[in-house]
Amino acid sequence: MRILRNLAQALRGLRLNKGNTLLMTLGVMIGIASLTVIVAIGEGTKSKVLNRIANLGFGPESFSVYSGAGRLFFGRNRNVTSMTLQDVDDIRAMPGVAIVVPRQRKRMRIINKKEFTTTRIYGVSPEWQPARQWKVVDGEFFNDMDMDRKRKVVVLGNTPARKLFGETDPLGKKIRVGQVFFEVIGLLETKGLTESGYDPDDRALIPLTTSMSRLFRQTHLHSIKVVSTHSEVVQQTMEGVTQVLRRNHGLSPLADDDFRFVTPEGIMQWVTESEQALNRMLLLISTVSLLVGGIVIMNILLVSIRERIREIGVRRCFGARRSDITQQFLFESVLVSLLGGAMGAMLGWVLSTALKHFDFLPARITLEPFILAFGFSMLVGLIFGIHPARKAACLSPDETIR
Amino acid sequence: MSISKIIEVDSINKTYKNEGLETNVLKGVSISVEEGDYISIIGPSGSGKSTLMTILGCLNQATSGTYLLDGEEVGKLGDRDLSRIRNEKIGFVFQAFHLLPGVSAFDNVMIPLIYCNKTPADAIERVKRALARVGLEHRMDHTPGQLSGGEQQRVTIARSLINDPKIVLADEPTGNLDSKNGAEIMNAFDHLNAEGRTIIVITHDPVVSEHARRILTLRDGEIVSDKINENFKESRAGLARTTIE
């Protein structure tokens, strides 16, 4: 087979021009390595986010409704005061609703003698705990009596507890928020950082009545968490909540909602969309880097053809057709590109494994980027090899031999 | 010796165009060569002998005129057929050897066999035999850089013969060699001719041209003389005593 003989000549050409071969592989190697690493990080982040959502106890039967228009956790207007306890009572009265948790929220500085830290303070009802299913590891959660008496008690997340009390036991101690002193009655189980850097443990919970009358001194709510009886009725419940809130807030039929829903599906969709954005960027990065790799191959091959003009001439003199020369140089560029791709995939695999091993970034190694790497590098070799190969083949034999 | 014509060149012209300037390098050159003949084409530099060599070697085509090589009209052939003719019918020997650097003598001699339509089953044996004929069987694995000039030129002769071509076309084969090695190479050509192979040697050196039976002189793109070499019989007679090595 003539084509196989040309392949063998291409291999010999690469072996004889090791320096050029190595240089040519570099661009593709870097491109493919970054591609595999970025894919691995993307996959790793996705799977961690999914795990985290599952960990939040955000079951399929629950959702939250936040005050103010916008999307998910990103409100457009922070000064909406329309959400009140009236809304909570009306939602609680709806069929198919199991638990309703009203919430107020503010970032404030909390102080223990000389130690202080800024954390998110939530004013919630005692149903928060069963709705959220977040264990109290030490002490206990506040109850209805604490609510009724507007008692100044607080349940701390791990982060402020650690910052204020270090190794000592915070239970029974007093902390100060603004001018109000609170007694620590419970500690929440530690959840750990999410991938986006969000710290769920950075919070302090106080009874809603206390926050309304003693701390925040406001009656409007930040959000309401709703747990329905079954996941099948969630959609229906959300529609009901929309009607109740629009009516209570006195919105005209043409006005936009002044509240927004946060659902597990919504978060999932958001994750998916971010992932698509990531994929688009990834495609751009790898296209650019492989383009650069391809141009490197093309240029080195063009220079190398000038260096090897005698070789081309000799081959032509002894019977090589134009197509033989084209094939040989095309094989060289494809082989070099595949070699670069293989080296890049290996490097990418090593880097991803290292990232995972040292817990630097989440990484999950999948087969797809490696298959992609093979295809891409083959394509790069073909596309950027064709011009030099044709150029080599079209040199007239009498000129190459002089 | 058969009297069939292997090369028939009839009034070929070759014009190069360079930046709008036309240069007539060959002006109506006609040559006919019988099979088994030994020809030298002599002329000063700029006489067009290199151009004539590339046309005879099917590396280039004439602007006008006809060229019949072994019955085929070269001027009408495309790249595939020209490549086939170069592969099967012509063995080239160059002044600068043109061996692939870094490639062993064995693999250099192998090159024409790569581009055969069908690689012969005894390819390895043939390469070994060809190298043995030029006395280099013990240096098969050496690269050109490890061989002397004379040895390199002997490798090119082995390479030119590997496909058993009808014509050996040599362009200044002794130009890069000292006189002793040059004489050895010319001896080799004498032997090949004695075996019945057609040899065409292009040179500017009268000593080299004296080996041929027929001497053509080229000047300014025209053949100015075409004479039989009277000393040829003597040199031929002397062949019996000399060997290639």
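Residues numbered from 1 in each chain as written. Chains lettered and ligands numbered in written order. Predicted model: local features only at pLDDT ≥ 70, side-chain atom pairs only at ≥ 80, totals over all residues.

1. So, the overall build of chain B
Phase 1 of the analysis: Looking only at helices and strands, chain B has eight helices and 10 strands in total.
Phase 2 of the analysis: Over its C-alpha atoms chain B spans a radius of gyration of 18 Å, differing by no more than 12% from the 18 Å that the globule rule assigns to 245 residues.
Phase 3 of the analysis: Taking the principal axes of the C-alpha coordinates as reference, chain B spans close to 50 × 40 × 40 Å.
Phase 4 of the analysis: Residue burial in chain B is summarised as follows: out of 245 residues, 45% are buried.
Phase 5 of the analysis: In chain B, the proportion of contacts linking residues at least 24 apart, taken out of those at least 6 apart, comes to 70%. (Helix = DSSP H or I, 4+ residues; strand = E, 2+ residues; numbered from the N terminus. Rg over C-alpha atoms; globule rule 2.2 N^0.38 Å. Buried ≥ 20, exposed ≤ 12 C-beta atoms within 10 Å, placed from the backbone. Contact = placed C-beta atoms within 7 Å.)

2. A short note on the domain arrangement of chain A
Phase 1 of the analysis: Domain annotation of chain A identifies domain 1 (2–53 + 269–401) and domain 2 (81–257).
Phase 2 of the analysis: Domain 1 of chain A and domain 2 of chain A are separated by 55 Å when their C-alpha centres are compared. (Domains from an automatic or database assignment.)

3. Looking at the sheet that holds strand β4 (residues 64–69) of chain B
Residue and element names in this part refer to chain B.
Phase 1 of the analysis: Taken in spatial order, the four strands of this open sheet run β2-β1-β4-β5, and their pairing is antiparallel. Looking at which strands have only one partner, the edges of the open sheet turn out to be β2 (21–34) and β5 (72–73).
Phase 2 of the analysis: Sheet analysis places strand β1 (residues 5–18) next to β4, joined by five bridges and oriented antiparallel. Across the sheet, Glu-8 pairs through a bridge with Leu-68, a residue of β4. (Pairing = 2+ DSSP bridges.)

4. Observations regarding the sheet that holds strand β8 (residues 198–203) of chain B
Residues and elements named next belong to chain B.
Phase 1 of the analysis: With mixed pairing, the six strands of this open sheet are ordered in space as β6-β7-β8-β3-β9-β10. Lying at the two open borders of the sheet, with one neighbouring strand each, are β6 (90–94) and β10 (222–228). Going from strand to strand, the sheet's axes swing by 15 degrees on average, the running direction of each strand aside.
Phase 2 of the analysis: Strand direction decides the pairing type here: β6 and strand β7 (residues 167–171), joined by five bridges, are parallel. Bridging from a neighbouring strand, Ile-90 pairs with Ile-167 of β7.
Phase 3 of the analysis: Relative to the sheet, helix α1 (residues 49–56) contacts β3 (38–42), β7, β8 and β9 (214–219), its axis offset from that of β7 by approximately 155 degrees.
Phase 4 of the analysis: In the packing of helix α5 (residues 149–161) onto the sheet, the strands contacted are β6 and β7, and the crossing angle to β6 comes to about 165 degrees. (Axes fitted to C-alpha atoms, helices over the stretch in contact; angles between N-to-C directions.)

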